[in-house]
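Geometric and topological summary
Residues per chain, in single letters:
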There are 2 protein chains.
Amino acid sequence: MNDESTQAGSPGSRQRAIVLLSGGLDSATVLAIAKAEGLEPLALSFRYGQRHLIELEAARQVAAAAGVHEHLVVELDLRSIGGSALTADLPVPKDRDLQAAEVPVTYVPARNTIFLAYALALAEARGIGDIYIGINAIDGSGYPDCRPEYLAAFQQLSALGTRAGVEGRPARIHAPLINLSKVKIIQRGLELGVDYGLTRSCYDPDQAGRGCGHCDSCLVRRRAFRQLGLVDPAPYADQ
Amino acid sequence: MNDESTQAGSPGSRQRAIVLLSGGLDSATVLAIAKAEGLEPLALSFRYGQRHLIELEAARQVAAAAGVHEHLVVELDLRSIGGSALTADLPVPKDRDLQAAEVPVTYVPARNTIFLAYALALAEARGIGDIYIGINAIDGSGYPDCRPEYLAAFQQLSALGTRAGVEGRPARIHAPLINLSKVKIIQRGLELGVDYGLTRSCYDPDQAGRGCGHCDSCLVRRRAFRQLGLVDPAPYADQ
């Protein structure tokens, strides 16, 4: 699926970059950062059997608001793999201790590896040299595939596993949020004009697409807005 | 899709391993090797928009002949990514010089990375510790993602990007053919009883599923059988 926005300006005039866009707060910020760095973003989203499909509609709105010329939504079957509360019929934990050390049940096995593998394939096929992803090791949920060492390993894979890499110009993987707190991420996004009211981060939204307010993702996000003296502009069921 | 074979024996009595199974000569050999090593193979294939869909039927037959209890076929949309003669409307090169240095047009961008990412997700979700893949650096077609250094990079990703890896028991990626010639691969498979008449390797088969005899894959395969004083038992259109 390609969505062409109506914004003026030629998509060919700037260097392109692939931006993984979930519709959440982090990836919306990354999209704004890629644009601020002078790149023309090609937004890449996945319909992967997630329970929180509202995020794809959020991704569409975020991309449109940012004037993205091409937004590709790839169908992925992760349900056949299972193993996560985000794609299977397992309960999403609520009001969990965010300091807990274990990898939570909302972790989707190897999801970022699959997403980045697709981005790498698209970069290779289109001759695009930069890939942006909104992974975060600080205020994330303790997922193994959100850490700097993981990012370095994938960069190595980009260098060794592609034609571009063999030719000495591997696609670079950028994770500009990886060492930022959620507060810093929101501050950066607000400076860049991100409308966080369009973004959706909840793992377990209601039928109207409103956040539950109590999953890890809602807890981290709302706490950060509170710390900034702001109210999270996204809708919540408990408001 | 799960195909249950009718072979006797409990699938739970041996340690499981994921085997990437394309229906070609190499992966059929790898399947036999995994079995010979005492593992219970879970075969994993992909319907990825390939022109040579006959290979999925071959994969089904190879898995059945090997008594595989579970054969998972995952749908992947690689056509939306494009960039390869195997998934797009580009001509498959015929009677090419196999010593040529360039990466040929049949290379599917980052395909093995996507396949291995899925295998890694499945291993993580099912608690499986071993993944087998039939990549080969010797008589392959010069694809970057068939080399030992690529394999090492993916092993590192397995260690760093999964819960199992963080817990000190990353899924191991096995590529038992990586340094074997096609002749040696066939010799090993014949020792293990592989019926190569069931396998299909051609990039451009005819409607009846017969090999063209002239793409890289057919050239390498038939030459190896000739060198062994054998006739390739797979059907070819020019026979």
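Residues numbered from 1 in each chain as written. Chains lettered and ligands numbered in written order. Predicted model: local features only at pLDDT ≥ 70, side-chain atom pairs only at ≥ 80, totals over all residues.

**What to know about the overall build of chain A**
Per the secondary structure count, chain A includes 7 helices and 5 strands. Tracing chain A from N to C terminus, the helices and strands come up as β-α-β-α-β-α-β-α-α-β-α-α. The buried share among the 239 residues of chain A stands at 55%. When contacts within chain A are restricted to residue pairs at least 6 apart in sequence, those whose partners lie at least 24 apart make up 72%. (Helix = DSSP H or I, 4+ residues; strand = E, 2+ residues; numbered from the N terminus. Buried ≥ 20, exposed ≤ 12 C-beta atoms within 10 Å, placed from the backbone. Contact = placed C-beta atoms within 7 Å.)

**A few points about the sheet that holds strand S5 (residues 172–174) of chain B**
Within a sheet, adjacent strands bond to each other through the backbone by hydrogen bonds, running parallel or antiparallel. All names here are of chain B. The 5 strands are arranged S3-S2-S1-S4-S5 in an open sheet whose pairing can be described as parallel. Of all strands in the sheet, those bounded by a partner on one side alone are strand S3 (70–75) and S5. Between one strand and the next, the sheet's axes are offset by a mean angle of 25°, whatever the strand orientation. Two strands pair when backbone bridges link them, and strand S2 (residues 40–47) and S3 are joined in this way by 6 bridges, in the parallel orientation. Within the sheet, the bridge partner assigned to Phe46 lies in S3 and is Val74. (Pairing = 2+ DSSP bridges. Axes fitted to C-alpha atoms, helices over the stretch in contact; angles between N-to-C directions.)

**Considering the nonpolar core**
Within the largest apolar cluster, 138 residues are counted, with the highest numbers of intra-cluster contacts made by Ile18, Val19 and Ala119 of chain A together with Ile18, Val19, Leu44 and Ala119 of chain B. If sequence neighbours within four positions are ignored, Val19 of chain B has contacts with Val30, Leu31, Ala34, Pro41, Ala43, Leu44 and Tyr132 of chain B. (Core = buried A, V, L, I, M, F, W, Y, C linked by C-beta atoms within 7 Å.)

**Overview of the relation of the copies chain B and chain A**
Least-squares fitting of chain B to chain A yields an RMSD of 0.0 Å, with the transformation described by 0.0 Å of translation along the axis and a rotation of 180°. Such a combination of turn and shift is consistent with a two-fold rotation axis. The share of interface residues of chain B whose copies in chain A are also at the interface is 100%, consistent with both copies meeting through the same surface. (Least-squares fit on C-alpha atoms with pLDDT ≥ 70 in both.)

**Some remarks on the pairing of strand S1 (residues 16–20) of chain A**
Consecutive side chains of a regular strand alternate in pointing toward one face of the sheet and then the other. Residues and elements named next belong to chain A. For S1, the tally of buried residues reaches 5 of 5 residues, placing the bulk of the element in the interior. Burial along S1 is two-sided: the face carrying Arg16, Ile18 and Leu20 and the face carrying Ala17 and Val19 are both buried. Note that S1 and strand S2 (residues 40–47) share 5 bridges and pair parallel. Each bridged residue has a counterpart across the sheet, and for Ile18 the counterpart in S2 is Leu42. Between S1 and its parallel partner S2, the chain crosses via helix H1 (residues 25–36), and the hand of that crossover is right-handed. Sheet analysis places S1 next to strand S4 (residues 130–132), joined by 2 bridges and oriented parallel. Within S4, the position partnered with Val19 by the bridge is Tyr132. (Right-handed = clockwise from strand over helix to strand, strands pointing away.)

**Comments concerning the sheet that holds strand S3 (residues 70–75) of chain A**
Residues and elements named next belong to chain A. Within the open sheet, the 5 strands sit side by side as S3-S2-S1-S4-S5. Their pairing is parallel. Only two strands of the sheet have a single neighbouring strand rather than two, namely S3 and strand S5 (172–174). In this sheet, neighbouring strand axes are inclined to one another by 25° on average, regardless of whether the strands run parallel or antiparallel. Sheet strands touched by H1: S1, S2 and S4. Its angle to S1, the strand with the most contacts, is close to 170°.

**Some words on the interface of chain B and chain A**
Between chain B and chain A, the residue contacts involve 36 residues of the former and 36 residues of the latter. Sorting the residues of the side of chain B that touches chain A by element identifies S3, helix H3 (111–126), helix H4 (148–160) and helix H5 (163–166) of chain B as the ones contributing at least two each. With 10 residues, H3 of chain B is the largest single contributor of residues to the side of chain B that touches chain A. Residues of the side of chain B that touches chain A, tallied by class, amount to 21 nonpolar, 9 polar and 6 charged. (Nonpolar A, V, L, I, M, F, W, Y, C, P; charged D, E, K, R; others polar.)

**Points about the environment of Pro205 of chain A**
Inspection of the secondary structure puts Pro205 of chain A in the loop between helix H6 (182–191) and helix H7 (216–227). The class for Pro205 of chain A is buried, based on 24 C-beta atoms found within 10 Å.

**Quick look at the environment of Glu75 of chain A**
Summarising the element assignment, Glu75 of chain A is placed in strand S3. A tally of 13 C-beta atoms within 10 Å means that Glu75 of chain A is categorised as partly exposed. Linking Glu75 of chain A and Ala237 of chain A, residues 162 residues apart in sequence, is a C-alpha distance of 29 Å. The residues contacting Glu75 of chain A, other than those within four sequence positions of it, are Arg47 of chain A together with Asp77 of chain B.

**Observations concerning the confidence of the model for chain A**
Detailed reading of the predicted coordinates is not advisable wherever pLDDT is low. Residues and elements named next belong to chain A. Predicted confidence across chain A gives a mean pLDDT of 86, with 85% of residues reaching 70 or more. Here residues 1–9 is modelled with pLDDT under 50, and outside its nearest four sequence neighbours on either side it reaches 14 contacts, counting other chains as well. Two numbers describe this predicted complex: its pTM, 0.88, and its ipTM, 0.86. (pLDDT = per-residue confidence, 0-100.)

**Quick look at the packing of helix H1 (residues 25–36) of chain B against helix H6 (residues 182–191) of chain B**
If you want to describe how two helices pack, look at the angle between their axes and the distance between the axes. Residues and elements named next belong to chain B. Two elements in contact, H1 and H6, have axes whose closest approach is 9 Å; the angle formed by their N-to-C orientations is 45°. The orientation of H1 relative to H6 falls into the category oblique. Along this stretch, H1 crosses H6, giving a crossing that reads as left-handed. Taking contact as the criterion, the partners of Asp26, Ala28, Thr29 and Ala32 in H1 are, on H6, Ile185, Arg188 and Gly189. (Parallel < 35°, antiparallel > 145°, perpendicular 65-115°, else oblique. Left-handed = near helix turned anticlockwise from the far one by under 90°.)

**Concerning the environment of Ala66 of chain B**
Residues and elements named next belong to chain B. With respect to the helices and strands, the residue Ala66 is situated in the loop between helix H2 (54–65) and S3. Sequence separation between Ala66 and Asp195 is 129 residues; the distance between their C-alpha atoms is 9.5 Å. Residues within four places of Ala66 in sequence aside, it is in contact with Leu31, Ala32 and Lys35.

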